[in-house]
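Chain by chain, the residues run as shown.
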Amino acid sequence: MTRISMSNRHVFSAEEIDALFMATGFEANALHRALSQGWLFARRTQSLRPTYIIPMEVHETIRKYLFDQMKGRVVVRTTPPLIQQDEATCLVQDFQTFIDYVSNHEIQLTTGGAMYKRHVQRLMELFSVPEDLTIPEWRFGYGRRTHDYPDRLALLYDFAYDQNFVIETDEQTLVVSDAIREWTALSRAQQMQRILQFYIRLYRRPIPRLREIVEVIRTLAQEWVESNSVLAACGSMVSQFYYDSREAVWNQRILKMLTHLGVIRLGFDQESDEQWFQMTNLGQELLTQDELQLVDETSQSQASIIVQPNFEVMVTVHDSQVESALSQFADLLSAGSIRIYRILEQSVQRGLAAGYDFARWRATLAKASIGPIPGNVERTLIEWETMHASERPLSS
Amino acid sequence: MLQIYPQDAKFLYVTGNTTGDVEDGSPFAKIDLVAQRRQSMPPMYLYELTHERLWNACRLGWSAADVITFLREYAVSPLPTSMQSHICQAMERWGDLVLQEVNGRLELRGSAKVLSQIRQHPEVARLLVHARQQSAIVRADTRVALKMALAKAGYPLVDDQVSQVKPQPLDVSLTPTLQLRPYQAAAVEQFVAHKGGAGVVVLPCGAGKTVVGVASLAKLRCSGLVLVPNEASASQWLQHFLNWTNLDESQVGLDEGRQALKPVTITTYQRLMAKRRSGDYAHFHRYASIHWGLVIYDEVHLLPAPLTRLAAELTSARRLGLSATLIREDGRTNDVFSLIGPKVYEAHEDQLTALGFLSDVKCVEVQVPLSDEVRQSYDAAPLRQKYRIAADNPDKMQVIEALCQQHASAQILIMGQYTEFLQQVSDRLGCPMLDGETPKERRLHEYDRFRRGQTRILVLSRIANVAVDLPNADVAIQVSGLFGSRQEEAQRLGRVLRPKPGGKNFYSLVSTSTLEERRARHRQQYLVERGFAYTQVSAADILSEGTTVHEVKRVPESRVGRHVKEYRPVSGD
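Here the structure is a predicted model, which is why all the values come from computation and not from measurement.

Procedures and definitions
- Residues numbered from 1 in each chain as written.
- Chains lettered and ligands numbered in written order.
- Predicted model: local features only at pLDDT ≥ 70, side-chain atom pairs only at ≥ 80, totals over all residues.
- Heavy atoms only, no water.
- Helix = DSSP H or I, 4+ residues; strand = E, 2+ residues; numbered from the N terminus.
- Buried < 20%, exposed > 50% of the residue type's maximum accessible area, 1.4 Å probe, protein only.
- Contact = heavy atoms within 4.5 Å.
- Areas by Shrake-Rupley, 256 points an atom, 1.4 Å probe, with all protein chains shown as cover.
- Axes fitted to C-alpha atoms, helices over the stretch in contact; angles between N-to-C directions.
- Parallel < 35°, antiparallel > 145°, perpendicular 65-115°, else oblique.
- Nonpolar A, V, L, I, M, F, W, Y, C, P; charged D, E, K, R; others polar.
- Pairing = 2+ DSSP bridges.
- Buried area = accessible area lost by both parts, 1.4 Å probe.
- Salt bridge = Lys/Arg side-chain N within 4 Å of Asp/Glu carboxyl O.
- Polar contact = N/O pair within 3.5 Å; in protein donor to acceptor, adjacent residues only side chain to side chain.
- Expected span 1.5 Å × (residues − 1).
- Left-handed = near helix turned anticlockwise from the far one by under 90°.
- Phe/Tyr/Trp six-rings, centres within 6.5 Å; stacked < 30°, edge-to-face > 60°.
- Lys NZ or Arg CZ within 6 Å of the ring centre and 35° of its normal.

### Regarding the overall build of chain B
The helix and strand tally for chain B stands at 24 helices and 22 strands. Per-residue burial for chain B yields a buried fraction of 59% across its 573 residues. Partitioning the intrachain contacts of chain B with sequence separation of at least 6 by distance along the chain shows that 73% fall at a separation of at least 24. In the structure as shown, chain B presents an accessible area of about 22,600 Å², 48% of it carried by carbon and sulfur atoms.

Take a look at the structure:
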């Protein structure tokens, strides 16, 4: 009953109901009892199996009661903690970095099918949320490449692979496919939501009740809540998984990943070891709205870039299309809340050798730029173009 | 509106209308107190949260929570966790080590952990006598040395050495006709209000630092010692005191070494440092024996470390450091702050230019090719002579002449590195030349003539780098520069930064395709990144006349529409 009520939905198929009742260890006639008690109703459909419905009013009331009970056990604070870890949309930013990096580099894979360490290290330098590269010996269950990469990168990689954005070729190289075009057209929030859904799908195997846990978090953590008290309230929903203790599953697999996904923000104080967390507005939207409803503040304003006289290009309002275009002829220098690219002679040469259209690129730059492109940059770019365009037949 | 874009653990970009906010209290003024500006390329300004800046904030009474809350308030996206822990870690160290006077002896106190950590640094360890677990005795004469060694090792030391003795009051006030500019008033305000008593005010060259010093003394109404880098600026200070305060020559004067010190004494760092043959300081004790109300350190950024150390040993109720924008090729900016005091106020060039207090400067790099003959000897010369050959490119002479003709009515300063070539220039143009060997009297005399407009062109060797007030230079021509010293470039630019309608010109002559070109790029990068224009023209353009003006206009104005910029990345940047 708890699990039915926790769920967002109120219509269940017969298999789901069976599974739910079985998992909770009810005796065989539990379903009949629920039906006879009058809070669950069967409805015949065209197919032979019935669907089961819990009336909305009843559902809401039970739900409210259950959550109120849990809320009573959770420790809440009103002043925000000093140090806060809020990654907002960093995940999709770094995903973009990853895709651009793969597009512009020749990436050879090891016999095991993983990227060589030097690429991973370079990626970590460019990521706005870098990870420790030491990977424990025992790792499985959390995705296809968990044993090769740290958690966050593994999630991004598996997502890219799952969606066919990247392809591991027979020659053991990694390439970006055309499928990425559809992705770059999505808004940041829509992109975040897709990765979030992928996470729940992927991590549901080791954590079967992940969907419910996320729902509990969404409901309880409107304010800053103390992590251990929420874990206690979750009770048996969180359990250990082989090498991961219950606490590790909670901290590493759930809270940490939800932070990466921008759903919650973590908080700490200077003197104490207590960990706190709170839902973000982004998280609320990602979990409660469907893709078309997701309003994206960045889609209102056009991507805006600034071309500086020292050949740096700053992107202040993010846009995947502009960014992947930029990376054709410029190197990503740093990715914080501003992405900084630098145009160098080598990067222009590289872009020309790859066959990208430089004239069109310059036009894009001029269009997206706030204010004119500094004269020295403009002139030098033209100079480089004439210089290296003539070399192209030789190199190709 | 101030907007902060956190970038990573230490760096953040700042944007918004910075120019309107030179007065204190605005969020922009606050940014300068907790972070160091690294680049200024409007509309974006790059700041770094350095240890030194964060400790500065501690000294001004900020906590880590204050800094984080302040940044969070204006940040467009959440602060990276690494940035928050960087701030906390740096600021936690503040207060770990305290220097105290106990029974007439100096004692360094801290937790056992910190003390054992600092003992790992030999430079620190050798200054500690009687080291015990949680304290160590420090000899009084090594106090400053210890401070510097600790700062270098990354440990701030809480030591507000300001003595408790009340200084001699002095009846000094500003003449009512003197109107402080808003940023000057704000600087004085910030310094006087700062409880620690010691602080550094950072203003660009030509922004009137002397006035800030004079006004601070007038506000505190006490005796004062002013330390300046050379005689020329000493007499400039004296003039300022006589013109802008009620003091007369019996109360303020330059110290010549013999007569009794006046309530307000101006002296040079050299005199402070001067030693007798026996090795004792000749004058230091005279200055040290007096308990000054205020010691002013002019141009602190120029001081070599040992001098700063000695100067910091003077006792006074308050210390005021006046500094141009601090960049040191030796990277020892920290010394200034750890020895003199925290930065209490800073205004940047671009802000003051926009407000009309500094003139808009056009920077032009003139590319002078080497003649075939010189090219041959350049190619043949060993590496260490190449720079000199490029610097003394004889073809620069014609360009200098052409520029002087183009700016026929302007006052021109010609500056360079090697005196031999400068001498030729001065002979050719028939104008006076000053170098390190020129007697002081003649130097002052020439400055004076130039100031009055009696000489139109003046040639200066490296001495031009230090503080001299040459208010009327409209055009500066840099014939050659020190090996890529950005400090030098900033100083020289400062010569033409003083306000005057119609804008100014700063020409830098560089021999094409030589070592000099690469060095010049290094220096220019500094100016480009702080929002100055750099245009490149060839010598031929200058010689054929008129094209310079055309060239400058042709380059589109940058986003803020003030500066024209020209810069190319150095290979391997």
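### Topic: the packing of helix α4 (residues 56-73) of chain A against helix α10 (residues 210-220) of chain A
All names here are of chain A. Taken N-terminus to C-terminus, the directions of α4 and α10 make an angle of 75°; their axes are 11 Å apart at the nearest point. Taken together, the axes of α4 and α10 lie roughly perpendicular to each other. Along its contact with α4, which presents R63, F67, M70 and K71, the element α10 presents E215, V216, R218, T219 and L220. Looking at the contact of α4 with α10 residue by residue, the classes come out as four nonpolar, one polar and four charged.

### Details of the pairing of strand β10 (residues 264-268) of chain A
In summary, the side chains of a regular strand alternate between the two faces of the sheet. All names here are of chain A. Most of β10 is tucked away, with four of its five residues classed as buried. Bridge count for strand β5 (residues 83-85) against β10 is three bridges, and the pairing is antiparallel. Looking at the pairing, Q84 lines up with G267 of β10. Sheet topology note: the β10/strand β11 (residues 276-279) ladder contains four bridges and is antiparallel. Residue pairing in the sheet places I264 in a bridge with M279 of β11.

### Side note on the interface of chain B and chain A
Contacts between the two partners involve 34 residues from chain B, matched on the other side by 35 residues from chain A. Both sides of the chain B and chain A interface together cover about 2,900 Å² of buried area, and 55% of this is carbon and sulfur. Taken together, chain B and chain A are joined by zero salt bridges. Summed over the shared surface of chain B and chain A, the number is six residue pairs in polar contact (both at pLDDT 80 or more). If you list the elements that add at least two residues to the side of chain B that touches chain A, you get β1 (3-6), β3 (36-41), α3 (64-74), α4 (81-92), α22 (515-529) and α24 (547-554) of chain B.

### Focus on helix α9 (residues 188-203) of chain A
For α9 of chain A, spanning 16 residues, the distance from its first C-alpha to its last is 22 Å, which sits close to the expected 22 Å at 1.5 Å a residue. Along α9 of chain A, 14 of the 16 residues are buried, which leaves the element largely enclosed by surrounding structure.

### A word on the packing of helix α2 (residues 51-59) of chain B against α4 of chain B
Residues and elements named next belong to chain B. At their nearest, the axes of α2 and α4 sit 9 Å apart, and the two run at 65° to each other. Of the two possible hands of crossing, α2 and α4 adopt the one that is right-handed. Residues H51, L54, W55, A57 and C58 of α2 form the contact with α4, whose participating residues are H86, I87, A90 and M91.

### A look at helix α13 (residues 281-288) of chain A
For α13 of chain A, the complete set of buried residues consists of L282, G283, Q284 and L286 of chain A. Against the buried residues of α13 of chain A lie α9, α10 and β11 of chain A.

### What about the sheet that holds strand β7 (residues 128-129) of chain B?
The strand order across the open sheet formed by four strands is β5-β6-β8-β7 (chain B), and the pairing between neighbours is antiparallel. One side of each edge strand has no neighbouring strand; the edge strands of this open sheet are β5 (98-102) and β7 of chain B.

### What to know about unusual backbone geometry
Generally, phi is negative for residues other than glycine and the peptide bonds are trans, each holding for most cases. All names here are of chain A. Its identity is not glycine, yet N164 carries a phi of approximately 65°, on the positive side. Mapped onto the secondary structure, N164 falls in the loop between α7 (151-162) and β7 (166-168). Look at N164 and you get partly exposed, because its relative accessible area is 48%. Located in the positive-phi region is Q172, a residue other than glycine, with phi close to 60°. Positionally, Q172 belongs in the loop between β7 and β8 (173-176).

### Digging into the pattern of salt bridges
Across all of its chains, the model carries 36 salt bridges over all chains by this definition. In this structure, the salt-bridge partner of E385 of chain A is R362 of chain A, at a minimum N-O distance of 2.7 Å. Taken together, the positions of E385 of chain A in helix α18 (residues 375-389) and R362 of chain A in helix α17 (residues 358-368) put the pair 23 residues apart, joining distant regions of the chain. In this structure, E446 of chain B engages R442 of chain B in a salt bridge whose closest nitrogen and oxygen atoms are separated by 3.9 Å. Here E446 of chain B and its partner R442 of chain B are both found in helix α20 (residues 440-452), four residues apart, which amounts to about one turn of the helix. Through salt bridges with shared partners, a single network forms among R139, D151, D244, R253 and K256 of chain A.

### A word on the sheet that holds β7 of chain A
All names here are of chain A. Reading across the sheet, the three strands line up as β6-β8-β7 and stay open at both edges, with antiparallel pairing between neighbours. One side of each edge strand has no neighbouring strand; the edge strands of this open sheet are β6 (107-108) and β7. In this structure, β7 lies alongside β8, joined through three bridges in antiparallel fashion. Counted as the bridge partner of I167 is V175 from β8. This element, helix α5 (residues 90-104), spans β6, β7 and β8 of the sheet and lies at about 115° to β8.

### A closer look at the packing of aromatic side chains
Applying the stated criterion to the full structure yields 29 aromatic pairs over all chains. Grouping aromatic residues by their ring pairs yields a cluster made of F95, F98, Y149, Y157, F159, F165, W183 and F198 of chain A. Positioned over the ring face of Y287 of chain B is R286 of chain B, at 5.8 Å from the centre of the ring.

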